[in-house]
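# Structural overview for review
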Amino acid sequence: MLSKRNLKAVVVGAMLAIGVASAFAQEAGKVLRVVPQSDLKILDPIWTTAFITRNHGYAVYDTLFGVDEQGKVKPQMVDKYTTSADGKTWTFTLRKGLEFHDGKPVTSEDVLASLKRWGQRDGLGQKMYAALDKAEAVDANSFKLVFKDTFGMVLDALSKPSSNPPFIMPARVAATPPDKQIDDATGSGPYIFKKDEYRPGEKIVYLKNTKYVPRAEAPSGTAGGKNVYVDRMEWVILKDAQTQANALANGEVDMIEWLPPEQYTALKGNTSITVDNPIPKGSFALHLNHVIPPFDNPKIAQAAIMAINQEALMRAQMVHKELYNSCASVYPCGTIFASDKTGYFTGKPQFEKAKALLKDAGYDGKPVVLMYPADFALLNKFPPVMAQLLKQAGFNVDMQSMDWPTLVTRRAKKDPVDKGGWNLFITGWGIADNMNPMFYAPLTGNGEKGWFGWATDEKLEQLKSDFLATADEPRRKELATAIQQRVYDTGIYAPIGEYKPLTAYRKAAVSGVVRSPVAVFWNIKKN
Amino acid sequence: MPAGEAIVEPLPPPRRRSLLKRILADWSVRVGGGVLMLLVLISLAAPWLGTIDPTAIDPGSGNLLPGTRGEFNSLAGDTFEHLFVMGTDSLGRDIWSRTLYGARVSLTVGVSVAVLAVVFGMLVGLLGGYFRRLDSAIMRLMDGVMAIPGILFAISLVALFGGKLLTVVVAIAVPEIPRVARLVRSVVLTVREEPYVEAAIALDTPTWKILVRHILPNAVAPLIIQATYVCASAILVEAILSFLGVGLPADMATWGNIMAEGRAQFNQFPHNVLFPGIFLALTVLAVNILGDGLRDTLDPKFNKRGG
Amino acid sequence: MLIFLARRILSTVPVLVIVALIVFLMLRLAPGDPAAAIVGDSGTSENIAKVREQLGLNESLPVQFVRWSGRLLQGNLGESYFMKKTVVELIGQRIEPTVSLAAVTLVVTILVAVPLGVVAAWRHGGWLDRMLMGFSVMGFSIPAFVIGYVLIWIFALHLQWLPVQGYQRLSQGPLPWIKHLILPSITLSIIYVALIARVTRAAVAEAMTEDYIRTARAKGISEKRVLMRHALANAAIPIVTVIGIGIALLIGGVVVTETVFAIPGLGQLTVDAVLSRDFPLIQGITLFFSVVYVLVNLLIDLSYLVFDPRIRY
């Protein structure tokens, strides 16, 4: 039996122990806690175009070239490069001291293997490799690309900022067939992926790569010096927008990568929080599946596109007028290739015309499956609105809930709907993705080799090849417009509107967020 | 009841008229039943209580505060004036309308689950209690089903077979069956030994007649009581499933769905979660109180089981 | 005594077999091809056929069940479709938060519910009794997530006493650990307290009417001792029984509470698994929880021996 005296001693002892233990529980070093836009389940940024994986890629990998804030290509891993007189041979020399996280140096063998794998998945990469005669190492530190004919976008390709960027991996990892996902996240980037602390659904941990040698220039876009000023970066998975905002307000996390618009006014009004706009612009698009009915019929695809009401869709998702605008062009409005020659597409709903098209094309009334990423705060307001718009246009709709990583996996299926396939989904892109038709991953017409949706349109592919073959600006503009028209005629996809992506972070704790077309985490200082 | 006077009566088959009067006189039955009636009436009268299409979206009217009067521009193109009694959700859907129509769903699910659980539980319990050879196997099966936590079972079934109304009802009902079965079985076991049953058996009465005429009436009261508790629990479970995103389709107006949608902005616009939450709590409370009242009047011995 | 123990323990085996059967059937009857789901994007028919072979999906159902149970007994619960880790590994990673939450909740519940029930029984029929029982009915009528959000609003956001979300592992220090568990465990315990307070009240009230209580009172023993040593001790069995049954409630509640408070435990893992249709994971977690339930009830049955020496099976 514990006597009263003994009991007191035990209690006091316990409290002391708790106090001491708490003191020892302090973490060493600076930790940056970020809430990422979604859970990270796929670690292969070449297999998927999902931005969360791309962001992971920018943390652990490095690229040959980067793009600065003005859109100019700047060397990153490359030290210098030369072009032959006829423009068909490009020779690159790597910087000294580039090492992978396992201590092995980065060699041209690694570079070539990585580029080859990227070239099998990425649209622009495919075009580049089709135009390539040979790609070979000159020595351990330099390599050359020899083209059959002048390829106008070599540097654009090697510096491609968004999905898929040509990240450089060790040759042994890049040997993985491109339709299989890698499971080794060794790279040469400024952060190291901490595999033993990787808990999908909970936390993803990165450590500072102390051996990384950043360039001397200031960071700008994806170019410049990638200095890391924290010791550890943790991506804390919080699915609920309210929980994210609460956690930021309370100091439990430092930064929300992509702020859901519904928290915009609340956090803007909070004086300890900065709401920032480091990625200038983004857009959303409705993507259709062309290998299974009914959208294998272009008329039905057009009918679905005619149901789009950009104002309603954007208002539902972005809420505040200053955060969005309509734009009927497939290119960002205000950029060089944007054009108002959009054919039947106006961004405003045309229900009667759509119904007529459906009748004409003999739509059988089978429900179209619209994938709905219920947990993804940046996309989850579109599907309910789109479903109703499609219904007004005469479609039957089956809106299926799932989480975002599931959607990303499921959109790879070409099966019919009753075997787990899909017909439509909506996703977001950055200005870096669609400002140039050669960059935009979903703009493919080469069927099953193309991006999810797998539209077949030979004319489109021809136009893209023509675009690559010329450097003449006016001619390029013409071709870009023609490409836009093909997109609408075949009904490959359609833009839903443009928006300003927002980031929020604690004013006192975080500084140095880089202006860049993609989310990057170097240069951030934590107090 | 004064302490020291525990009179435990054997349960006779209920006689209709005086029992009904007793039931209706009980305070809990009146309150619980009354509120429930009111809810049923409101949900049936939904189209005439200032509601609009509960699935109609108007992004321009998003997040309106309760009591706002405004213009609703539907996606189909028509416009009209409307008083948003309980405000709107982020897509501009009227919460008052969604809550009232949602009551239909919740009540339907609750009653369907109760009926399903009671019917199947009764069958299983009768079989197990009366036919000794089947008893052991049936009870093991029921133990097995009870071992799987109800919510997990329901979630798994919905994950496997999709979120249709029937699936959800079955998914919620199945985990409730073992308890009902046990209840019926224990009644059967007790009644089976009664002299009049033995007499009936001696007279060669067909089994089904024995079951229906003699045994079943004794189970009616506990079954009704259990049914109300099952109904209350089912309404809650449906809301939880929808809240987690694994229940009825997201565009359907159910209380759980409304709350799930409102989660994202609870701090600024708590009305999304609080209004349906209050309705949910009231409904479940009413059913639970009704159950308590029925239990008090129909079977005082029941005080042992906590519900 | 030993025979009783052995019998009781053995009786859990058929229950576990039935649970395994139910879980196995649930997943085998699911629409869709598990092999295709595993193979994923590179869905060539040879790959899918190979995986079907590997998983033994071409065999008859009983053979599949035997094979699957065999693997189960070896501790192999399969591999998650999406997270590239074994189910056992994932459960291992997420178990600490859930167990912590459940343990703290259980402690809170017993500390609150039993005294409440005893007081209500003591003042049986009085206004205190009615009020307490009224609160108890409300306790299991209001959904846990509403309670959770309201608590977060008041205590985390306005008063800023406690964190809004998350979980701190015990290895990071006991103080942050308990701080993160206070609001979630209160949320989770409310329905449990409601249930147990009711049962305690009923059991104690019933015990109070027994003859031996009258005897004790006649002997002059104080009311407090009468309550504690005699009534409560005899009421222990029904109370403990309900705690066992309530474990099922607790497990269900854990799923919701972890979602509201963003606690990375088994409950959240379940929701994730369901949203991504990750069947091996769903299967593994369901099995795990069921086994826990069976074992807890076994322990409770065995604890009867402590509470009532009269029990012999």
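From a predicted model like this one, the values you see are computed outputs, not experimental measurements. (Residues numbered from 1 in each chain as written. Chains lettered and ligands numbered in written order. Predicted model: local features only at pLDDT ≥ 70, side-chain atom pairs only at ≥ 80, totals over all residues.)

Our focus in this paragraph is the overall build of chain C. Regarding its fold elements, chain C presents 13 helices and zero strands. In sequence order, chain C lays out its α and β elements as α-α-α-α-α-α-α-α-α-α-α-α-α. Counting only residues that meet the buried cut, chain C has 45% of its 313 residues in that class. The contacts of chain C with a sequence gap of at least 6 include a subset with a gap of at least 24, amounting to 72%. (Helix = DSSP H or I, 4+ residues; strand = E, 2+ residues; numbered from the N terminus. Buried ≥ 20, exposed ≤ 12 C-beta atoms within 10 Å, placed from the backbone. Contact = placed C-beta atoms within 7 Å.)

Regarding its fold elements, chain B presents eleven helices and two strands. Shown N-terminal to C-terminal, the secondary structure of chain B runs as helices and strands in the order α-α-β-β-α-α-α-α-α-α-α-α-α. Judged by the C-alpha coordinates and their principal axes, chain B covers about 75 × 45 × 35 Å. Residues classed as buried in chain B amount to 53% of the 307 residues present.

Residue and element names in this part refer to chain C. Looking at chain C, pLDDT values average 79 and 88% of them are 70 or higher. No element of chain C has a lower mean pLDDT than helix α3 (residues 34-39), at 60, and none a higher one than helix α6 (residues 87-122), at 87. At the level of chain-chain contacts, confidence expressed as ipTM amounts to 0.79, with global pTM at 0.81. (pLDDT = per-residue confidence, 0-100.)

In this complex, chain B contributes 18 residues to the contact, which on the side of chain A involves 23 residues. For the side of chain B that touches chain A, the class distribution of residues is nine nonpolar, seven polar and two charged. (Nonpolar A, V, L, I, M, F, W, Y, C, P; charged D, E, K, R; others polar.)

All names here are of chain A. Pairing is mixed across the open sheet formed by seven strands, whose spatial order is β8-β9-β10-β1-β11-β19-β12. Of all strands in the sheet, those with a lone pairing partner are β8 (191-193) and β12 (273-276), marking the two edges. Judged from the three bridges that link them, β8 and strand β9 (residues 203-208) form a sheet pairing that is antiparallel. Looking at the pairing, Y191 lines up with K208 of β9. (Pairing = 2+ DSSP bridges.)

Bringing the nonpolar core into the picture now. A304 and L370 of chain A, V113 of chain B together with I196 of chain C are the most contacted members of the largest nonpolar core, which totals 345 residues. Here this core gets 20 residues from one element, more than from any other, and that element is helix α9 (residues 174-208) of chain C. Not counting residues up to four positions away in its chain, the partners in contact with A304 of chain A are L288, F295, L390, F395 and L424 of chain A. (Core = buried A, V, L, I, M, F, W, Y, C linked by C-beta atoms within 7 Å.)

Moving on to the packing of helix α2 (residues 12-28) of chain C against helix α5 (residues 61-73) of chain C. Residues and elements named next belong to chain C. Across the interface, α2 lies against α5 with an axial gap of 11 Å and an inter-helix angle of 120°. Considered as vectors, α2 and α5 are oriented oblique to each other. You can see that α2 and α5 cross each other, and the crossing is right-handed. Contact residues: α2 offers A20, F24 and R28, while α5 offers L61, Q64, F65, W68, S69 and L72. Taken together, the residues that form the contact of α2 with α5 break down as six nonpolar, two polar and one charged. (Axes fitted to C-alpha atoms, helices over the stretch in contact; angles between N-to-C directions. Parallel < 35°, antiparallel > 145°, perpendicular 65-115°, else oblique. Left-handed = near helix turned anticlockwise from the far one by under 90°.)

Another aspect to go through is the pairing of strand β7 (residues 142-147) of chain A. Residue and element names in this part refer to chain A. By the bridge criterion, five bridges tie strand β5 (residues 89-94) to β7 in an arrangement that is antiparallel. Its bridge partner being in β7, W90 is matched across the sheet by L145. Bridging between strand β6 (residues 132-139) and β7 involves six bridges; their strand directions are antiparallel. Paired with K134 across the strands is V146, a residue of β7. Hairpin connection between β6 and β7: a loop of two residues separates the two successive antiparallel strands.

Okay, the confidence of the model for chain B next. Where the model shows low pLDDT, its predicted coordinates should not be examined in detail. All names here are of chain B. Chain-level pLDDT for chain B is 84 on average; 92% of the residues reach the 70-or-more range. Note on residues 1-5: pLDDT is under 50 here. Beyond four places in sequence and across chains, it has six contacts. Here residues 302-307 scores under 50 on pLDDT; set against residues more than four positions off or in separate chains, the count is 14 contacts.

Residue and element names in this part refer to chain A. Spatial ordering of the open sheet is given by β4-β5-β7-β6, a layout of four strands whose pairing is antiparallel. Each edge of the sheet is formed by a strand with only one pairing partner; in this case those strands are β4 (78-83) and β6. In this sheet, neighbouring strand axes are inclined to one another by 15° on average, regardless of whether the strands run parallel or antiparallel. Relative to the sheet, helix α3 (residues 108-121) contacts β6 and β7, its axis offset from that of β6 by approximately 160°.

With that settled, consider the interface of chain B and chain C. Between chain B and chain C, the contact holds 40 residues from the first and 46 residues from the second. Among the secondary structure elements, those contributing two or more residues to the side of chain B that touches chain C are α4 (132-147), α5 (150-161), α9 (207-244) and α11 (271-298) of chain B. Of the residues forming the side of chain B that touches chain C, the biggest block, eight residues, is contributed by α11 of chain B.

The subject of this paragraph is the environment of T283 of chain B. Residues and elements named next belong to chain B. If you trace the backbone, T283 turns up in helix α11. It is 21 Å that separates the C-alpha atoms of T283 and P66, two residues lying 217 residues apart in sequence. Contact partners of T283, with chain neighbours within four places excluded, come to L39, S106 and I235.

Further remarks concern the pairing of strand β1 (residues 68-73) of chain B. Consecutive side chains along a regular strand alternate between the two faces of the sheet. Residues and elements named next belong to chain B. Where β1 meets strand β2 (residues 79-84), six bridges bridge the pair, whose relative direction is antiparallel. Directly across from T68, in β2, lies its bridge partner F84. Counting the residues that bridge the hairpin from β1 to β2 gives five residues, and of these G77 lies at a positive phi of roughly 110°.

Residue and element names in this part refer to chain A. The buried count for helix α10 (residues 310-318) comes to eight of nine residues, which makes it a mostly enclosed element. Of all the positions in α10, only Q310, A312, L313, M314, R315, A316, Q317 and M318 are classed as buried. Considering only its buried residues, α10 is in contact with β14 (324-325), α12 (382-392) and β18 (493-499).

A word on the packing of helix α3 (residues 95-130) of chain B against α4 of chain B. All names here are of chain B. Running from N to C, α3 and α4 point in directions that differ by 140°, and their axes come no closer than 7 Å. One finds that α3 runs oblique with respect to α4. In this structure, α3 meets α4 at a crossing whose hand is left-handed. Seen from α3, the contacting residues are V124, L127 and G128; seen from α4, they are L134, D135, I138, M139 and M142.

Before going further, it helps to spend a moment on unusual backbone geometry. Geometrically, the link from S163 of chain A to N164 of chain A is a cis peptide bond, its omega value of -10° lying close to zero. Although it is not a glycine, V319 of chain A adopts a positive phi angle of roughly 65°. Under the C-beta neighbour-count criterion, V319 of chain A is labelled buried, with 21 such atoms within 10 Å. One non-glycine residue, Q160 of chain C, lies in positive phi territory at about 55°. Residue position: Q160 of chain C is located in the loop between α8 (144-158) and α9.

Our next topic: the environment of M169 of chain A. All names here are of chain A. Structurally, M169 can be placed in the loop between α5 (154-158) and α6 (171-174). Look at M169 and you get buried, because 29 C-beta atoms sit within 10 Å. In this structure the C-alpha to C-alpha distance between M169 and K208, which are 39 residues apart in sequence, comes to 18 Å. Those residues in contact with M169 that sit more than four places away from it in its chain are Y61, D110, S114, A174 and G187.

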